[in-house]
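Spelled out, the chains give:
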Amino acid sequence: MYSLKDLEAAVKSCTRCPLSETRHNVVFGEGSEENHIMFIGEGPGYNEDMKGRPFVGKSGQLFDKMLQSVGLTRKEIYIANIVKCRPPGNRNPSEEECERCINYLRWQVKFICPDIIVCLGAVAAKHILAKDFKITRSRGIWYQRGKFNIMATYHPSALLRDVNKKKDAWEDFQAIRNMYDEILQQNK
Ligand code: URA
């Protein structure tokens, strides 16, 4: 695999798991390859599957607002998911589906080489940080793994279900902004 484009072409014809049989489109991921800040969700929903783009439904709209609230836009970040095809009925992806797909994400991380990785929700955090990750207990904490600064925060759809979580999520986004500013400063 020589580039993110090659990887995208390979993922678009993937048939490694049964999700490939029900998908309309592969949702590979998109955004800036230069700014080195990466957000990782769980998997595409209905709207993402129809459009082939991540976070374009209701939770995506909220995600955009959260980015805006800390002065970021989609153009500055890269966004991808643990699984690239929609689990039918928007169920959580199974362990096996995640295992079969996660190498694609590992390659994306290699190509993008992010300084910051933000896991959106428990599914992403469990696959990236720790199998037993508890989002309510451990969100908002920075974990240093090699060159990566990794944090997990609530998935935007969790915030749509429970508005009481919004305050914590906004604090997490502020901390992400601060870390991003620190890194920009270091790289000057
Ligand atoms: N939820 C996710 O985790 N990812 C998307 O792309 C959309 C909704």
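Scope of this entry: the structure provided in the associated data block. (Residues numbered from 1 in each chain as written. Predicted model: local features only at pLDDT ≥ 70, side-chain atom pairs only at ≥ 80, totals over all residues. Heavy atoms only, no water.)

## Topic: the packing of aromatic side chains
No. 1: Evaluation of the coordinates by the stated rule reveals 6 aromatic pairs.
No. 2: Aromatic side chains phenylalanine 55 and phenylalanine 63 sit 5.5 Å apart centroid to centroid with 40° between the ring planes, which places their arrangement in the tilted category.
No. 3: On the basis of relative accessibility, which here comes to 0%, the residue phenylalanine 63 falls in the buried class.
No. 4: Cluster of aromatic residues (ring-pair linked, three or more members): Phe39, Phe55, Phe63 and Phe173.
No. 5: Just above the ring of tryptophan 107 sits the side chain of lysine 110; from NZ or CZ to the centre is 5.2 Å. (Phe/Tyr/Trp six-rings, centres within 6.5 Å; stacked < 30°, edge-to-face > 60°. Buried < 20%, exposed > 50% of the residue type's maximum accessible area, 1.4 Å probe, protein only. Lys NZ or Arg CZ within 6 Å of the ring centre and 35° of its normal.)

## Points about the packing of helix H1 (residues 4-12) against helix H5 (residues 95-112)
No. 1: Where H1 contacts H5, the two axes come as close as 10 Å, and the packing angle between them is 165°. Taken as axis vectors, H1 and H5 run roughly antiparallel relative to one another. As for the relative orientation of H1 and H5, their crossing is left-handed in sense. On the side of H1, the interface is formed by Leu4, Leu7 and Val11, while H5 contributes Tyr104, Trp107, Gln108, Phe111 and Ile112.
No. 2: Of the residues belonging to the contact of H1 with H5, the class tally is 7 nonpolar, 1 polar and no charged. (Axes fitted to C-alpha atoms, helices over the stretch in contact; angles between N-to-C directions. Helix = DSSP H or I, 4+ residues; strand = E, 2+ residues; numbered from the N terminus. Parallel < 35°, antiparallel > 145°, perpendicular 65-115°, else oblique. Left-handed = near helix turned anticlockwise from the far one by under 90°. Contact = heavy atoms within 4.5 Å. Nonpolar A, V, L, I, M, F, W, Y, C, P; charged D, E, K, R; others polar.)

## A closer look at helix H4 (residues 58-69)
No. 1: In this model, H4 (12 residues) spans 17 Å end to end at C-alpha, consistent with the 16 Å of a helix rising 1.5 Å per residue.
No. 2: Turning to H4, its buried residues are Ser59, Gly60, Leu62, Phe63, Met66 and Leu67. Buried residues of H4 fall within an arc of 160° about the axis and therefore sit on the same side. What points out from H4, more than 90 degrees from its buried face, is the exposed set Lys58, Lys65 and Gln68.
No. 3: Tucked inside the fold, the buried residues of H4 contact strand S2 (37-41), strand S3 (78-81), strand S4 (116-120), helix H8 (156-161) and helix H9 (166-186).
No. 4: Just beyond H4, the residue with positive phi is glycine 71, at close to 70°. (Expected span 1.5 Å × (residues − 1). Arc of directions from axis to C-beta.)

## Digging into the sheet that holds S3
No. 1: The strand order S1-S3-S2-S4-S6-S5 describes an open sheet built from 6 strands, whose pairing is mixed. Each edge of the open sheet carries a strand with a single partner, namely strand S1 (30-31) and strand S5 (143-145).
No. 2: Sheet analysis places S2 next to S4, joined by 4 bridges and oriented parallel. Along S4, the bridge assignment pairs phenylalanine 39 with valine 118.
No. 3: H9 rests against S2, S4 and strand S6 (148-153) of the sheet, and its axis sits at about 165° to S6. (Pairing = 2+ DSSP bridges.)

## What about unusual backbone geometry?
Note on backbone geometry: most residues besides glycine have negative phi, and most peptide bonds are trans.
No. 1: Unusually for a residue other than glycine, histidine 36 sits at a positive phi of about 60°.
No. 2: Within the secondary structure, histidine 36 sits in the loop between S1 and S2.
No. 3: Of the residues examined, histidine 36 reaches a relative accessible area of 26% and is grouped as partly exposed.

## Quick notes on the site of the ligand
No. 1: Lining the immediate environment of the ligand, one finds Gly41, Glu42, Gly43, Glu48, Pro54, Phe55, Ser59, Asn81 and His155.
No. 2: Interatomic distance of 3.0 Å between a backbone N/O atom of phenylalanine 55 and an oxygen atom of the ligand.
No. 3: Alone, the ligand offers 240 Å² of accessible surface; in the complex the protein occludes 93% of this.
No. 4: Spatially, the ligand is embedded in the largest pocket.
No. 5: Each residue belonging to the shell around the ligand can be placed in one class, and the counts come to 2 nonpolar, 5 polar and 2 charged. (Near = heavy atom within 4 Å. Polar contact = N/O pair within 3.5 Å; in protein donor to acceptor, adjacent residues only side chain to side chain. Areas by Shrake-Rupley, 256 points an atom, 1.4 Å probe, with all protein chains shown as cover. 1 Å grid on protein atoms, 1.4 Å probe; cavity = no way out; pocket = protein on both sides within 12 Å on 5 of 7 lines; lining within 4 Å. Sits in = over half its atoms within 2 Å of the grid points.)

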